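Each chain, written out:
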Amino acid sequence: MSLREQLCEYGRRAVELGLVIGTSGNLSVREGDLVAVTPSGAALDRLTPEMCPVVDVEGYLVEGDLQPSSETPMHLAVYTTTDARAIVHTHSVFGTIVATTMTELPPVHYNALLLGGVVKVAEYATYGTPELAANVRAAMEGKKAALMANHGGVTVGATLEEAFEATRLLEWLCEVYVRGLSVGKPAVLTDEQLKAVVERALNPPAFPRRL
């Protein structure tokens, strides 16, 4: 499957799962110094491969008739400062709720470790601006996910599949936290508890084989 075909596939899945609405959200995937990105103003479930433009890491349009997503500067800022090879940005419901009310998403479940632990909320800036790109880049440092104040969420991965699964996990963690608040104050895992999870994962128990 080509990079552009991947954008179409995961764009469709993002719509089906309710992670975006209308023409919101954007995805990209990098190969070498080129980045295939979803186009500006297009519904993600109606994309065709030829609709997806290709830019270089400096932001110059290399291929395609449509303009790249307005959030392309944010994508490129992440690519040029991390080893990410794919990025997914959504306006999911629970992620956006957290992004409009909090400065970070605490680790209420140990699976938060898969995203780097605490998920930071990048300071608000107008979409598509260098300021937003810089804020997201700072919030993403050492992480696989960030939330964008009053906006949505962004995740990265070595592949588009990995970045998309990180988006699904981010939304699940946000939903657990938000729904938990309706019952009481969600318990937050301590650094010691999270370290114990890492240790357990690195040294799983060996079950004896029945002879």
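Report on the accompanying structure. (Residues numbered from 1 in each chain as written. Predicted model: local features only at pLDDT ≥ 70, side-chain atom pairs only at ≥ 80, totals over all residues. Heavy atoms only, no water.)

Across soluble globular proteins, nonpolar side chains show a tendency to be buried alongside one another. The biggest cluster of nonpolar side chains holds 20 residues, and the ones touching the most others in it are Met74, Val78, Val136 and Val154. Only helix H2 (72-79), helix H4 (130-139), strand S8 (145-148) and strand S9 (152-157) provide two or more residues apiece to this core. For this core, the element with the highest residue contribution is H2, accounting for 5 residues. Setting aside chain neighbours within four positions, we find Met74 in contact with His89, Ala133, Val136, Met148 and Val154. The next biggest cluster of nonpolar side chains, apart from the first, holds 19 residues, and it includes Tyr10, Val20, Leu47 and Val54. (Core = buried A, V, L, I, M, F, W, Y, C linked by side-chain atoms within 4.5 Å. Buried < 20%, exposed > 50% of the residue type's maximum accessible area, 1.4 Å probe, protein only. Helix = DSSP H or I, 4+ residues; strand = E, 2+ residues; numbered from the N terminus. Contact = heavy atoms within 4.5 Å.)

This paragraph deals with the pattern of salt bridges. For the coordinates displayed, the defined rule picks out 8 salt bridges. Glu9 is the partner of Arg12 in a salt bridge, and the nearest nitrogen-oxygen pair spans 2.8 Å. In this pair, Arg12 and Glu9 are both assigned in helix H1 (residues 3-16), 3 residues apart and thus about one turn of the helix distant. Exposure remark for Arg12: the relative accessible area of 30% places this residue in the partly exposed category. (Salt bridge = Lys/Arg side-chain N within 4 Å of Asp/Glu carboxyl O.)

This part takes up the side chain of Thr72. On the secondary structure map, Thr72 appears in helix H2. What makes Thr72 buried here is its relative accessible area of 8%. Other than its neighbours up to four places away in sequence, Thr72 contacts Val37 and Val55.

Most of H2 sits out of view: 7 of its 8 residues are buried. Three or more residues of H2 are buried, namely Thr72, Met74, His75, Leu76, Ala77, Val78 and Tyr79.

Right, let's get into the environment of Glu58. Relative to the helices and strands, Glu58 is located in the loop between strand S3 (54-56) and strand S4 (61-63). Of the residues examined, Glu58 reaches a relative accessible area of 65% and is grouped as exposed. Measuring from C-alpha to C-alpha, the distance between Glu58 and Leu170 comes to 29 Å, with 112 residues separating the pair along the chain.

The strand order across the open sheet formed by 9 strands is S4-S3-S2-S1-S5-S9-S8-S7-S6, and the pairing between neighbours is mixed. Among the strands making up the open sheet, the edge pair consists of S4 and strand S6 (104-105). As paired strands, strand S2 (residues 34-37) and S3 are joined by 3 bridges and run antiparallel to one another. Paired with Val35 across the two strands is Val55, which belongs to S3. Seen against the sheet, H2 touches strand S1 (26-31), S2, S3, strand S5 (86-90), S8 and S9 and runs at an angle of roughly 40° to S1. (Pairing = 2+ DSSP bridges. Axes fitted to C-alpha atoms, helices over the stretch in contact; angles between N-to-C directions.)

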